[in-house]
Structures are given as C-alpha cells and as structure tokens.
Amino acid sequence: MAKFDIIAATGCPTGIAHTFMAKEALEKAAAERGLTIKVETHGQVGVENELTKSEIAGAKAVVVAADKDVQAERFAGKRMVSVGVSKALSVEAAGKLIDRALAAKGDDSVAAAADVEDEVEEKESIGHIIYKHLMNGVSHMLVFVVAGGVLTAVSFLWGITSFDSTASDYNSFAAMLKIIGGIAMNLMVPVLSAYIAESIGKRPALVPGFVAGMIAIQGLPVNAETGMIDAGGAGVGFGFLGGIVGGFLAGYVILLLEKVFSKLPKNLDGLKAIFLYPLFSTAIVGLVMLGISGPMAAINTAMMDFLKGLSASGAIVLGLAIGCMCAVDMGGPVNKAAYVTGTAMLTEALAAGVGTDTYNFGTNFMAAVSAACIVPPLITTFAVVVGKKYFSQEDHDAGIVNLILGCTHITEGAIPFMTKNIWPVMPIMMLGSSIASILTIMFNVHDPAPHGGFLVLPVVENGPLWVLAILIGAVIGGILFVAFKKYDFEKNQKAAPVAKPVEASKAAAVEAPKADAADFVKVENVFVAEDFASRDEALSFVSNQAVKAGIASDADAVMNAFLAREAEGTTGMMEGFAIPHAKSDAITEAAVIVVKDESGVTGWDTMDGAPVNVAIALLIPGAQAGTTHLKILSKVAEALMDEGFRATVKGSTDAAEIAKTINARLV
C-alpha cells in the first residue's frame, strides 16, 4: 500500500469547482516541496479518491479544506489543519496550509509564525463550524432543487397549463414531468434540514432532521372550524429558514442525548442507535418545531416581503443587491446566500403556479441571480480574447475555459483572476453582474429553472433578452478588466528599463521558458565535484559563482536572499536533493546553478534527514518573483518526483549531461 507524506480532504457546498481547484492547488504545493500527497474530494458525484485507514495512519500530516462535513474525526490524533475550502485555492495558500499542518505538533517556533487569523482558523471558529454544517445541508439540497426545477420547467414547454387535465393544452407526459419535478422540489427543505443535522450529530441525526424539515414545510396543522391543533387540519409552512433552524436543532439534540445516555451500559449501544435516539430526538425536535411554527412563519413571510419591497424600490436597487452578492466572493458564502434565497423563492413560485404574482416575482428573481452568476467567468473570457497580450498564456487558457463554465452557471472559474488583483477586479466583477441583474429584471425575464445556465434557455421566458443582459454585463466588465490589465502592463514596461535596457527582453525570454529552455541551465553553471562543510558554505559558493557568471551583481545580497528563504522553511527535499532559491534585485537574470557534493552536505534540514548531494539553486530577479520563480520552481519540483530524473542527476559526473537532463524538464 502506497504511503503519502500529506493526505487531504476538500469539499465545497456545490462540489463542482472549489473542491477540485483546492485539490489541484494542494497537489502542486506538495510537489514544490518534494512531498507526496493524496487528496480526497467530496464533490457532487460523491467521495472520490477516498483515503484508506492505512493511508491515514501512514501520513505525516492532514489538510482539511472544506465547507462541508468530510468526516474529519477519521484524522483524530494526526497533525492537522482545518480551514474553509476558499483558503486553499492558490498554490501559495495551499503551501502554507501544508507547512502549518506539518508544524501543527512539534516545532513551536514554526507554528508561532502563523498569524493570529490563521491560529483562529486552525482551531475552527464558531462561525466556520456553523457555516460548514449549513453548507453540508445546502450541498445535498441543491441537486434536488436543480433536478426538480429543471423538470418542472421542461414541463412548461408543452404549455403553461399543460399539467392540468382540464386545460386545452393538457399533455400527459408534461403532467408526469411536473409531478416528478414537484416531488423533488418538495424534498428540498427536508434534505436541507436532515443533512445539516447529519453534519452535527452524524447518522442518528438524520431521522429528527428529516422530521424537522417536513414540519417546516407544513407548519402546525389547525382545524379551520375549531381553531384547535388537529392532525387533519392545515398549517402554514415556514420554508427553508425553518429547515435551517430544524437542522441545527436536530443535530444538537442528538449531541445532548449522547451525553444523557452516555452512562448506559456498553451492551445497550445497539438499543440507543435504533430506539432511544430516534424516539426521543424526534419527539423533542418535533414538539419544538411545532411550537415555533407561528413565529417562524412570520419571519419567513417578513423576509419574502422585504425582498419584494426591494423590487418595489426599482430594478436598480434589487439588481444591484443581487449582482454584488453573487460576484463578491463567486461561489463563497455570500454568493450561496443569494443563490439559496433565489431557489427558495423559485420553489414558492412553482408551487403558486404560473401566472400568479408569486410565480412572476420568484422566476424573475431567479433569472437575475442566474445572470449575475454567469457574468464573471464571461468577463474573463472577453478580456483574454480582446486583451490577449496583457495576459499570460496560463490566464488566456483559463479564460477560454471560462466560456464553458460561465455558460453553464459555474461562477468559480473567475476566482483565480480575482485573487491575483482583488482591487479592482472584484469591483469590476460586481459591476458586470449587477448590470446583468438589473437588465434582467427590467427586461421581465422569467427563469423557472434554478441552474444550468444557457442550457435551460428553451424554458426561459424572454430568453433572448436574458442573453443580451448577460452579454452587456460581460462586455462592460470585460472592457474595464482589459483597461486595468493594459494600465498594469504599461506601468511594468516603463519600470523595467530602469535597471538595464536589456533586462526587459531577458525577463520576457525567461517568462516563457519554453522558448529557450534547451540551454536555460548552462554547462558552465554546473559544478560536479565540490566539497562543502555546511549548507551556508554551499549557498555562499553559489552566490559567488552567480556574480562571476554575470547573473548577479552582489554576492552578499544573493546570500541573504538564500538564507531568508531557508528561514521561512527548509528547501531540503528527499533522497539527497535540495532546491534553494533566491529572489533579489541584485540578480539580473533568471538562472539555475547546480552543485554536487558526493560526500553530502550535512546540517541541511531535509524531509528524510539525509544529507544533500545535489542542490539545484534557482536565482530569480526580484521583478519576476511571482512569475518566473513559480514556473521554474514547480517544474524542478515536478522533476524531482521522477525516479529516473533523480537517478540521472545524482549519478552523473558529466556537467553537460546534468544540464541537458534538467533543461529537458523545463520545457
């Protein structure tokens, strides 16, 4: 059974984008550090790449980056860090999490280096715990909403009353689709409630959670004639807010009962699970939910009235609120709040029936939410096509992919663009989404399907105008994004010649290593028969050789840069390799210097405790620290995962062969 240095679990509420973005970032960050990693994902299709007991037992540390329950109790006793999935979406952030996880128990000086915010996150704040439980319910609920909503919307293709056997446009197949869709939509609140409860109290909490959700749908039944509580009467439901309250109530009631029954003999555990927990929890939760049905129904009605009041204030006010909420964190908590509100209102709209005021408002609100979610990825697509020269090839490729993501209502593809320049990219995204939402409301667009993007266009009323609203928002946002990138590009161009007229061309050449990777590592910069007494002596040698080769202007500045990086965390890898790297303005061109010491450099902290025989040193100009540095470092780190590469470099005494082997991996 393979063993991994790091194991991780990722999961986001929808299980579509964040889950796998975090997985990729963690894998790249681990590769940079010469560590092996296995990442378990909790997506909409379920758990993939599932961790085994032996893999958990054999791992050095655990990273949990999730906004839903990933059964973290499996990792009890391991070095672990637990944060929200949004904290692991970049390679840099993921790397910090890995470092923190490795230092979670052991070196206090390393652990103390984490800032106060990180310390709070590592202990998992109350806010994050509540959010994680809530999103566990939302992630399970969304698939019911999508399936039910789309099927209901498709039934309207035969006519808005095609489900009614007394109507002229009646169609039996359409009626069956609406029945199926309605059942799926009606399960929304019970599933939400049950899986919030399950996240808190595990499997025993499912029963009271489902019951709480059902009560949230129907309310407290009262006989219309007597005014008394009557099982055969009718009640007023209190929607998804009631489902949320019921889910948390059910989960914590189970935790309370576990404490109450903890004194019972061990041989009664089976009785507790199958009889005591479901009986007492259902009774307690049911009575409380029925008791609060009146106040909860009033709160639910007040919230809906507030949103309708925003609409009464005009399309601009409501559209601005929706657009800003959907684009501010693009798939995060605020975005999910807007989306869940939209789906809740859509559920009420579909229940009220076509032609009612509730239907018109709910479907119009859902159309505005969907438009706001679609726009951010399309902004990036427009920008990378129109302003291609201002973006890296990586960004250009991501922007093209975002065309597909945006058109299918997946907002998260725009996140990498925003994280690079939160200001002004976030306001640009919010503006573009708000414009699309405002125009959608003004164009009187109605979307009876909660997800799917342009795939559900056939069922969208005023669909062409909806597409127009989205395109206008995307184009305006895209123009502003290109303008910002153009300004940033020109500013960097003007700053580049200050040091050396030729430096800009060198930087450009290195920025795209593929063009000259064949001789990036020069034979004269490979030293195969050295003998160093310590790590610092080896780094000093590299620093002085850099000056001799014209790569740097100040050996002391380069040496200080190397030591500063070592202070952040060792660059010693495994099996005799190290990747020291220096970023300094004293370095005039990006380069790699390789030194070999057959006897091994002792005192260089490595992952396996072995001395360093080969140091592949990266020297990067300060201006290229976030670009060339990461590209070369990641490629070298990936190469070290290859046993053949390690064997060739470590076993060869031919400088030309070593240079050729490394250059081949930089392509």
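Position numbers for residues start from 1 in each chain and track the written sequence from start to end. Restriction of local features to residues with pLDDT of at least 70 applies here, the model being predicted, together with a cutoff of 80 or more for giving and counting side-chain atom pairs; totals for whole chains, interfaces and linings are based on all residues. Side-chain metrics in this entry use all non-hydrogen atoms of the structure; hydrogen atoms and water are not considered.

So, on to the packing of helix H6 (residues 126–155) against helix H10 (residues 239–260). For the pair H6 and H10, the least separation of the axes is 11 Å and the interaxial angle reads 110°. What the angle tells us is that H6 and H10 run roughly perpendicular. Where H6 crosses over H10, the two elements pack in a sense that is right-handed. Judged by residue contacts, Ile130, His133 and Leu134 of H6 engage Ile244, Phe248 and Tyr252 from H10. To get an axis, fit a line to the C-alpha atoms, keeping to the stretch in contact for a helix; angles then go from 0 to 180 degrees between the N-to-C directions. Numbering of helices and strands runs from the N terminus; a helix is a DSSP stretch of H or I covering at least four residues, while a strand is a stretch of E covering at least two. Roughly parallel refers to an angle under 35 degrees, roughly antiparallel to one over 145, roughly perpendicular to one between 65 and 115, and oblique to any angle outside these ranges. Helix crossings get a hand from a simple test, with the near helix turned counterclockwise from the far one by less than a right angle marking a left-handed crossing and a clockwise turn marking a right-handed one. Contacts are residue-level and defined by heavy atoms, with any inter-residue pair within 4.5 Å sufficient.

Values of pLDDT, the confidence the predictor places in each residue, fall between 0 and 100. In this model, the chain carries an average pLDDT of 85, and 89% of its residues clear a pLDDT of 70 or more. Note that residues 106–122 has pLDDT below 50 and, in this model, 16 contacts with residues that lie over four places away or in other chains. Note on residues 496–517: pLDDT under 50 across the span, and 20 contacts to partners over four residues away in sequence or across chains.

Let us look at helix H8 (residues 188–201). An α-helical turn contains 3.6 residues, so a residue and the one three or four places further along point in the same direction. In this model, H8 (14 residues) spans 20 Å end to end at C-alpha, consistent with the 20 Å of a helix rising 1.5 Å per residue. Taking burial as the measure, the 14 residues of H8 include 13 buried ones, the bulk of the element. Remark: lysine 202 follows H8 within two positions and exhibits a positive phi of approximately 65°. Helix span is expected to be 1.5 Å times the residue number reduced by one. Only protein chains enter the area calculation, which uses a 1.4 Å probe; residues under 20% of their type maximum are buried, those over 50% are exposed, and those in between are partly exposed.

The next point concerns the side chain of histidine 42. Note on placement: histidine 42 falls in strand S2 (residues 37–43). Polar contacts here mean pairs of N or O atoms no more than 3.5 Å apart (in protein, one a potential hydrogen donor and the other a potential acceptor; neighbouring residues in sequence count only if both atoms are side-chain atoms). Separated by 2.7 Å, the side chains of histidine 42 and glutamate 40 make a polar contact.

Next up on the list: helix H16 (residues 393–407). The end-to-end C-alpha separation of H16 is 22 Å, in line with the 21 Å expected for 15 residues at 1.5 Å each. Along H16, the helix axis deviates most sharply at valine 401, where the bend reaches about 30°. Every buried residue of H16 is accounted for by Asp395, His396, Gly399, Asn402 and Gly406. Residues of H16 that are buried sit in contact with helix H15 (357–386) and helix H17 (415–420). Within two residues after H16, histidine 409 carries a phi angle of roughly 70°, on the positive side. Here the bend at a residue is taken as the angle between two axes, fitted respectively to the seven residues that end there and the seven that start there.

A separate point is the pattern of salt bridges. Take a side-chain nitrogen of Lys or Arg and a carboxyl oxygen of Asp or Glu: if they are within 4 Å of each other, that pair is a salt bridge. In this structure the tally under the stated criterion is 14 salt bridges. The shortest N-O distance in the salt bridge between glutamate 32 and arginine 33 comes to 3.9 Å. Across the pair glutamate 598 and lysine 596 runs a salt bridge whose closest N-O atoms are separated by 3.6 Å. Relative accessible area serves as the criterion here: at 1%, lysine 596 is assigned to the buried category. Salt bridges sharing common partners tie together Glu32, Arg33 and Asp99.

Two aromatic rings are characterised by how far apart their centres lie and by the angle between their planes. The pairing test for Phe, Tyr and Trp rings, Trp by its six-membered ring, is centres within 6.5 Å, and the orientation test on the planes gives stacked under 30 degrees, edge-to-face over 60, and tilted for anything in between. Per the counting criterion, the structure on display carries 13 aromatic pairs. Between tryptophan 158 and phenylalanine 173 the ring centres are 5.6 Å apart and the planes differ by 75°, which places this aromatic pair in the edge-to-face class. Of this pair, tryptophan 158 sits in the loop between H6 and helix H7 (172–186) while phenylalanine 173 is found in helix H7, placing the two residues 15 residues apart along the sequence. Residue class for tryptophan 158 comes out partly exposed when judged on its relative accessible area of 36%. When the ring of phenylalanine 417 is compared with that of phenylalanine 481, the centres are 6.2 Å apart and the planes differ by 80°; the resulting orientation is edge-to-face. In this pair, phenylalanine 417 sits in helix H17 while phenylalanine 481 sits in helix H19 (residues 463–495), placing the two residues 64 residues apart along the sequence. You'll find phenylalanine 417 and phenylalanine 481 in the same group, each marked buried. An aromatic cluster is defined as three or more aromatic residues linked by ring pairs; in this entry it consists of Phe261, Tyr277 and Phe280. Only lysine NZ and arginine CZ atoms are considered, and such an atom sits over a ring when it is within 6 Å of the ring centre and within 35 degrees of the ring normal. A cation sits over an aromatic face here: lysine 178 above phenylalanine 163, 4.6 Å from the ring centre. A cation over a ring is seen here: lysine 485 above phenylalanine 391, with NZ or CZ 5.1 Å from the ring centre.

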